Amino acid sequence: LPLDAPEPLLPKAEAYESPEAWRRPIAPFALADRTAYIGTEGLGAVLVKTDAGAVLIDGGLPQAADMLLGHMRTLGVAPTDLKLILHSHAHIDHAGPIAAIKRATGARLVTNAESAVLLERGGFDDLHFGDGMLFPPAHADRIVMDGEVVELGGVAFTAHFTPGHTPGSLSWTWTDTKNGKPLRIAYVDSLSAPGYKLVGNPRQPRIVDNYRRAFAEVRTLPCDLLLSPHPDASGWKLGESTTPTTLTCRAYADRAQAALDKVLKEQQAAAKGAR
């Protein structure tokens, strides 16, 4: 079981507190023929091996860089074999080690224009968290548009813009195989709004519209297996089992929309009462 993994907890960051689960390594394991999980119990990181090199999706906290490189080697992927880095959103707990992984591997970072700006800023002046979640800045090598396909070694990754959690939030879909059958995998970004100001937000006046766009997009994704940056957000208790038992993409979006609507009504009522 994952809880028996011999690797020690990743170190704490001095300026950013994080739950132990986010820093508890999980021994890498296969999700499909080409796709493997290499993250921690609480933060997703996925490695996809292709005929032309490997692709990393997300990385977790900044202190996870050495762990990720070690897990890649366990799976037979040398640093120079990593060719592309994809990601979900530009927060410390997912994009934290990207700069270090780029330096160690020479891999190219693929993102959209919104996230490229946020990654360059390294969390500085975050729209919701100010300067409380700083991470090493990372430079984008390729900018993609909504629906654009990134191909490597016969595997096609489609970028889906799912803004809300951040303005540049990205989700990715690709097709692998398992037990001789195609498996459509969706790595869907966070759809939560943790403490966000949804009503009268001066820096994001259309934040609720962005979330609704994301919910609609996620419901349409090809999604035999849903993966998310926080595994537990999609129903996977990774500390208990390495067998993915996650929600459908539609259920993931429905649950997130219900949570957003609840907070939105509360904030609208509060705003009305303050007048």
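Along each chain, numbering runs from 1 in the same order as the chain's sequence is written. In keeping with the model being predicted, local features are shown solely for residues with a pLDDT of at least 70 and side-chain atom pairs are shown and tallied solely at 80 or more, while totals for entire chains, interfaces and linings include all residues. Only hydrogens and water are set aside when side-chain values are computed; all heavy atoms of the structure are taken into account.

Engineer: Could you clarify how one ought to interpret the state of the cysteines in this entry?
Structural biologist: Each disulfide consists of one covalent bond between the sulfur atoms belonging to two cysteines. Any cysteine sulfur atom paired with another within 2.5 Å is treated as part of a disulfide. Counted by the stated rule, this structure contains one disulfide. Each sulfur of the disulfide joining Cys223 and Cys249 lies 2.1 Å from the other. The disulfide joining Cys223 to Cys249 has a torsion of about 80 degrees about its S-S bond and is therefore right-handed. Of the two residues, Cys223 is situated in the loop between α5 (207-219) and β12 (225-227) and Cys249 in helix α6 (residues 249-273); the sequence distance between them amounts to 26 residues. This pair shows no difference in class: Cys223 is buried, exactly as Cys249 is. A run of H or I in DSSP becomes a helix once it reaches four residues, and a run of E becomes a strand once it reaches two; helices and strands are each numbered from the N terminus. Per-residue accessibility, obtained with a 1.4 Å probe over protein chains only, is compared with the maximum for each type, and a residue is labelled buried under 20%, exposed over 50%, and partly exposed between these values.

Engineer: How do you make sense of the packing of helix α1 (residues 65-74) against helix α3 (residues 98-105) when you look at a structure like this?
Structural biologist: Each pair of packed helices gets described by two things: the angle between the helix axes and the distance between those axes. In this analysis, axes come from line fits to C-alpha atoms, helices being fitted only over the stretch in contact, and the angle between any two N-to-C directions falls in the range 0 to 180 degrees. As a packed pair, α1 and α3 sit with axes 9 Å apart at the nearest point and diverge in direction by 45 degrees. By the angle between their axes, α1 is oblique relative to α3. Here α1 runs over α3; the crossing is right-handed. Every residue of α3 that contacts α1 at Ala65, Leu68 and Leu69 is listed here: Ala100, Ile101, Ala104 and Thr105. Each residue receives one of three labels: charged for Asp, Glu, Lys and Arg, nonpolar for Ala, Val, Leu, Ile, Met, Phe, Trp, Tyr, Cys and Pro, and polar for the others, Gly being one of them. For the contact of α1 with α3, the class distribution of residues is six nonpolar, one polar and no charged. Between 65 and 115 degrees an angle is taken as roughly perpendicular, under 35 as roughly parallel, over 145 as roughly antiparallel, and anywhere else as oblique. Helix crossings get a hand from a simple test, with the near helix turned counterclockwise from the far one by less than a right angle marking a left-handed crossing and a clockwise turn marking a right-handed one. Residues count as neighbours in contact if any of their non-hydrogen atoms are within 4.5 Å of one another.

Engineer: Sorry, what's going on with the nonpolar core here?
Structural biologist: Buried residues of nine kinds, namely Ala, Val, Leu, Ile, Met, Phe, Trp, Tyr and Cys, make up a nonpolar core once their side-chain atoms join them within 4.5 Å. Counting residues in each nonpolar core, the largest one holds 32 residues, and the members touching the most others are Ile38, Leu47, Leu68, Met72, Leu82, Ile85 and Ile101. Of all elements in the fold, only β4 (53-57), α1, β5 (82-86), α2 (92-95), α3 and α4 (113-121) reach the threshold of two or more residues within this core. Top element by residues in this core is α1. It accounts for five residues. Sequence-distant contacts of Met72, that is, excluding residues within four places in its chain, are made with Ile38, Leu47, Leu56, Val77 and Leu82. Counting residues in each nonpolar core, the second largest holds 29 residues, with Val155, Ile185, Tyr187 and Trp236 among its members.

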